[in-house]
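Tertiary structure, described
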Amino acid sequence: QLQLVESGGGLVQPGGSLRLSCAASGFTLANYAIGWFRQAPGKEREGVSYITSSGGTRNYADSVKGRFTISRDNAKNTVYLQMSNLKPEDTAVYYCAARTYYSSAWYSRYHYSYWGQGTQVTVSS
């Protein structure tokens, strides 16, 4: 019933750009803060970015700060992650998730209960 669906992934060259979308169905996205996470082979899932329900606060991992921009359009029930100047180390499966537990750590995956299936981003020449 409560689903998030990521789209927009693909293969890009280093320095390229992609915009990922996270669309919600079965619930009102505006009621939730949303996080973007990624997981590369052999690595733990890590928080990439975060946006509060109103869009008033946005957070980024240091590794993507200045290159990625998170935004949301609550009327469209969608959150976006604009990724620019992509690097090979950005290669991962990217997931969006809706936060259901609130504490200080936005980057903890254990604070999120609704997850998408992920979209593959590959940065390679």
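Residues numbered from 1 in each chain as written. Predicted model: local features only at pLDDT ≥ 70, side-chain atom pairs only at ≥ 80, totals over all residues. Heavy atoms only, no water.

**Let's talk about the sheet that holds strand β8 (residues 78-83)**
If you walk across this open sheet you meet the 4 strands as β1-β3-β8-β7, and the pairing is antiparallel. Each having just a single partner strand, β1 (3-7) and β7 (68-73) make up the two edges of the open sheet. Each strand axis lies, on average, 15 degrees off the axis of its neighbour in the sheet, ignoring direction. The sheet contact formed by β7 and β8 spans 6 bridges and is antiparallel. Note on β8: the bridge partner recorded for Arg 72 is Val 79. (Pairing = 2+ DSSP bridges. Helix = DSSP H or I, 4+ residues; strand = E, 2+ residues; numbered from the N terminus. Axes fitted to C-alpha atoms, helices over the stretch in contact; angles between N-to-C directions.)

**What about the nonpolar core?**
Trp 36, Phe 68, Leu 81, Met 83 and Tyr 94 are the most contacted members of the largest nonpolar core, which has 29 residues in total. Discounting chain neighbours no more than four positions away, the residues touching Tyr 94 are Glu 6, Leu 20, Trp 36, Phe 37, Arg 38, Val 48, Phe 68, Leu 81, Met 83, Gly 118, Thr 119 and Val 121. In terms of nonpolar packing, the next biggest core, distinct from the first, is built from 6 residues, Phe 37, Tyr 50, Trp 106 and Tyr 112 among them. (Core = buried A, V, L, I, M, F, W, Y, C linked by side-chain atoms within 4.5 Å. Buried < 20%, exposed > 50% of the residue type's maximum accessible area, 1.4 Å probe, protein only. Contact = heavy atoms within 4.5 Å.)

**Digging into the pairing of strand β11 (residues 119-123)**
Taking every second residue as pointing to the same face, the buried face of β11 carries Thr 119, Val 121 and Val 123, while none of Gln 120 and Thr 122 on the other face is buried. Pairing of strand β2 (residues 10-12) with β11 involves 3 bridges; the strand directions are parallel. Bridge pairing in β11 links Gly 10 to Val 121.

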